[in-house]
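# Secondary and tertiary structure notes
Here is how the chains run, residue by residue.
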Amino acid sequence: DERYTMTMMFVSSITLLAFVLPNAHSFLPRLTQASHHGPNKSPLVLQATSQLEQLSEMTVLSIDSGDLSVIRQYADTGYITDATTNPLFVSQAGLSGDPVYATMVDEAVTYAVEQSQGEGNNESATVSLAIDQLSVNLGAEIAGIIK
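Anyway, here's the lowdown on the structure attached to this text. (Residues numbered from 1 in each chain as written. Predicted model: local features only at pLDDT ≥ 70, side-chain atom pairs only at ≥ 80, totals over all residues. Heavy atoms only, no water.)

The next thing to look at is the nonpolar core. Grouped together as the largest cluster of nonpolar side chains are 20 residues, with contacts concentrated most on Leu68, Ile80 and Leu138. With five residues, helix H3 (residues 68-75) is the single largest residue contributor to this core. Beyond its immediate chain neighbours, meaning those up to four positions away, leucine 138 contacts Gly66, Leu68, Thr85, Val90, Ala93, Tyr101 and Met104. (Core = buried A, V, L, I, M, F, W, Y, C linked by side-chain atoms within 4.5 Å. Buried < 20%, exposed > 50% of the residue type's maximum accessible area, 1.4 Å probe, protein only. Helix = DSSP H or I, 4+ residues; strand = E, 2+ residues; numbered from the N terminus. Contact = heavy atoms within 4.5 Å.)

Right, here's the structure in full:
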């Protein structure tokens, strides 16, 4: 439906902002005229709003990333209220060398090895389980950031 299409356009826009423009929330503000109602209309007052704020007034903004610092940065604006990630971002996080991600990888591998013991040591299945667990670990971290 039309609302879904608009939402997806806005989600795509914010995803682009999140990765192409790391400081998107600090864009120069766009000035908008404040609305005035009633018989005592006050003079023209301009309100400064960022593009991110304007988008958040129209739809739910979601960030698509595996970079916890970027997610945290945008969540801290108060405008991002949803997050997602994908296998590419999970693998990038796992290979980043960052201690936070290294811990998640270690935990995922340990879990997979423990779960695979006694099952014929199928290396492919163990690796697959480790990747699944890394996705769960990263998703849990993201869920803890986005309120």
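Okay, the packing of H3 against helix H6 (residues 123-145) next. When two helices pack together, their arrangement is given by the angle between the helix axes and the distance between those axes. The geometry of H3 relative to H6 is characterised by a closest axis approach of 10 Å and an angle of 20° between their N-to-C directions. Between H3 and H6, the interaxial angle falls into the category roughly parallel. Taken as a pair, H3 and H6 cross one another with a handedness that is right-handed. Here Leu68, Ile71, Arg72 and Ala75 of H3 lie close against H6, whose contacting residues are Leu138, Glu141, Ile142 and Ile145. For the contact of H3 with H6, a count of residues per class yields six nonpolar, no polar and two charged. (Axes fitted to C-alpha atoms, helices over the stretch in contact; angles between N-to-C directions. Parallel < 35°, antiparallel > 145°, perpendicular 65-115°, else oblique. Left-handed = near helix turned anticlockwise from the far one by under 90°. Nonpolar A, V, L, I, M, F, W, Y, C, P; charged D, E, K, R; others polar.)

On to H6. In this model, H6 (23 residues) spans 33 Å end to end at C-alpha, consistent with the 33 Å of a helix rising 1.5 Å per residue. Within H6, the full set of buried residues consists of Thr126, Ala130, Gln133, Leu134, Asn137, Leu138, Ile142 and Ile145. The secondary structure elements touched by the buried residues of H6 are H3, strand E4 (80-84), helix H4 (87-95) and helix H5 (99-116). Residue asparagine 122 occupies the N-cap position of H6, its side-chain oxygen lying 3.1 Å from the main-chain nitrogen of serine 124. (Expected span 1.5 Å × (residues − 1). Polar contact = N/O pair within 3.5 Å; in protein donor to acceptor, adjacent residues only side chain to side chain.)

With that settled, the discussion passes to the environment of serine 65. When you line up the elements, serine 65 lands in the loop between strand E3 (61-64) and H3. Separated by 25 residues in the primary sequence, serine 65 and valine 90 place their C-alpha atoms 8.6 Å from one another. Here aspartate 67 takes part through its backbone nitrogen, which lies 2.9 Å from a polar atom of the side chain of serine 65.

So, about the packing of H5 against H6. At a minimum axis distance of 8 Å, the contact between H5 and H6 shows a crossing angle of 135°. Looking at the two axes, H5 sits oblique to H6. When you trace H5 past H6, the crossing you get is right-handed. Contact residues: Tyr101, Met104, Val105, Glu107, Ala108, Val109, Tyr111, Ala112, Val113, Gln115 and Ser116 in H5; Thr126, Leu129, Ala130, Gln133, Leu134, Asn137, Leu138 and Glu141 in H6. Partitioning the contact of H5 with H6 into residue classes produces 12 nonpolar, five polar and two charged.

We now examine H3. Listing the buried residues of H3 in full gives Leu68, Val70, Ile71, Tyr74 and Ala75. Each buried residue of H3 lies within a common arc of 160° when the element is viewed along its axis, so the set occupies one face. (Arc of directions from axis to C-beta.)

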